[in-house]
Amino acid sequence: MNIDDLIAIDIHTHAEEPCCGHRDDGYDEFQAGMANYFKNPAGKDGMLPSVPETAAYFRERKIGAVIFPVDAERNTGFRRYSNEEVAEICAENSDILIPFASVDPWKGKAGVREIRRLVRDFGVKGFKFHPTMQGFWANDPQFYPIYEAIQDEGVISLFHTGQTGVGSGMKGGMGMRLKYSNPMTIDDVAADFPDMPIIMAHPAFPWQEEALAVCQHKPNVYIDLSGWSPKYFPEILVKYCNSLIRKKVLFGSDWPAITPDRWLKDFENAPFRDEVRPLILKENAVRLLNL
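Structure report, in brief. (Residues numbered from 1 in each chain as written. Predicted model: local features only at pLDDT ≥ 70, side-chain atom pairs only at ≥ 80, totals over all residues. Heavy atoms only, no water.)

What follows is about the pattern of salt bridges. When the charged atoms of two side chains lie near each other, side chains of opposite charge can form a pair. For the coordinates displayed, the defined rule picks out twelve salt bridges. Residue arginine 120 is joined to glutamate 153 by a salt bridge in which the shortest nitrogen-to-oxygen separation is 2.7 Å. Note that arginine 120 is positioned in helix H5 (residues 108-122) and glutamate 153 in helix H7 (residues 144-153), a separation of 33 residues in sequence. Its relative accessible area of 58% is what places arginine 120 among the exposed residues. A network of salt bridges, in which partner residues are shared, links Asp71, Glu73, Arg80, Lys107 and Glu114. (Salt bridge = Lys/Arg side-chain N within 4 Å of Asp/Glu carboxyl O. Helix = DSSP H or I, 4+ residues; strand = E, 2+ residues; numbered from the N terminus. Buried < 20%, exposed > 50% of the residue type's maximum accessible area, 1.4 Å probe, protein only.)

A few words on the packing of aromatic side chains. Counted under the stated rule, the structure contains 19 aromatic pairs. When the ring of tyrosine 57 is compared with that of tryptophan 255, the centres are 4.3 Å apart and the planes differ by 35 degrees; the resulting orientation is tilted. Of this pair, tyrosine 57 sits in helix H2 (residues 51-61) while tryptophan 255 sits in the loop between strand S8 (249-250) and helix H11 (260-268), placing them 198 residues apart in sequence. Taken individually, tyrosine 57 and tryptophan 255 each receive the classification buried, so the pair is uniform in this respect. (Phe/Tyr/Trp six-rings, centres within 6.5 Å; stacked < 30°, edge-to-face > 60°.)

Turning our eyes to something else, we now look at the nonpolar core. Nonpolar side chains in soluble globular proteins tend to be buried together. In terms of nonpolar packing, the biggest core is built from 85 residues, with Phe127, Tyr147, Leu225, Trp263 and Leu289 touching the most fellow members. The element best represented in this core is helix H12 (residues 277-289), accounting for six residues. Those residues in contact with tyrosine 147, other than ones at most four positions away along the chain, are Phe129, Phe136, Ala138, Phe159, Val189, Phe193 and Met196. Val70, Ala72, Met133 and Met176 belong to the second largest nonpolar core, which has five residues in total. (Core = buried A, V, L, I, M, F, W, Y, C linked by side-chain atoms within 4.5 Å. Contact = heavy atoms within 4.5 Å.)

Okay, the sheet that holds strand S7 (residues 221-224) next. One open sheet holds the five strands; their spatial order is S4-S5-S6-S7-S8, and the pairing between them is parallel. Looking along the sheet, the strands with just one partner apiece sit at the ends: strand S4 (126-129) and S8. Taken together, the four bridges between strand S6 (residues 198-201) and S7 define a ladder with parallel strand orientation. What sits directly across from isoleucine 198, in S7, is valine 221. Each of S4 and strand S5 (156-160) touches H7; the most contacted strand, S4, lies at about 155 degrees to it. (Pairing = 2+ DSSP bridges. Axes fitted to C-alpha atoms, helices over the stretch in contact; angles between N-to-C directions.)

As structure tokens, then:
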């Protein structure tokens, strides 16, 4: 990856389509709901991009991309996209893609072994967690062996925080419980695993101030700005990005739900300081990812 040639690094992109066969029951409805929430047709009618298609899209735009699946098999019943397959495709497109993985924390000791294997054998650089979709409290000590493995291997954890499009508008919210994604739970994880870099994903509505407090207070915590158009960012988030956390905030789109084209266009008109923009778009990610 030639960092100097890139205009930005997108820290938050998804490998969505399940592997190893047809879509599971309910997966079409789930993706249609996501498409409706984000006003984006990518989830409908099998239109989700493959990982190679994602690589081509980002290469054309000279944007590096961290990409990951989400393993929430226990709570949703949907088969995950193979972590190994994502990592192998990233290796084939290493000029533009950076592999993260996802291991359902409910997998316990098997999950710990998988984490270590994915880092050592497949070069995975971090792991994505979605407390609402996976149905767990991030600060529950029963999941600490998972974090111990991540910290031991010297890689990054990325946690969804705040509201989610998963299940939005569906009956019972598809069983998703928003409470699990309160960013204050990450404060405990950051305190107990101070050597594990943590990214809190998204403007964390309705807990934005809690997320900012955790990010400012804990040196190992960062925030990515994915999942929202910058024109909708809360005023206090922009204020903190321009000042106290300017070296701890990261560009993320939430591809394919939100495209980098849309995000970057709206970012141009958002009230960020000129000296902060390159930090958000690339420099902070380069430092965090040791690129």
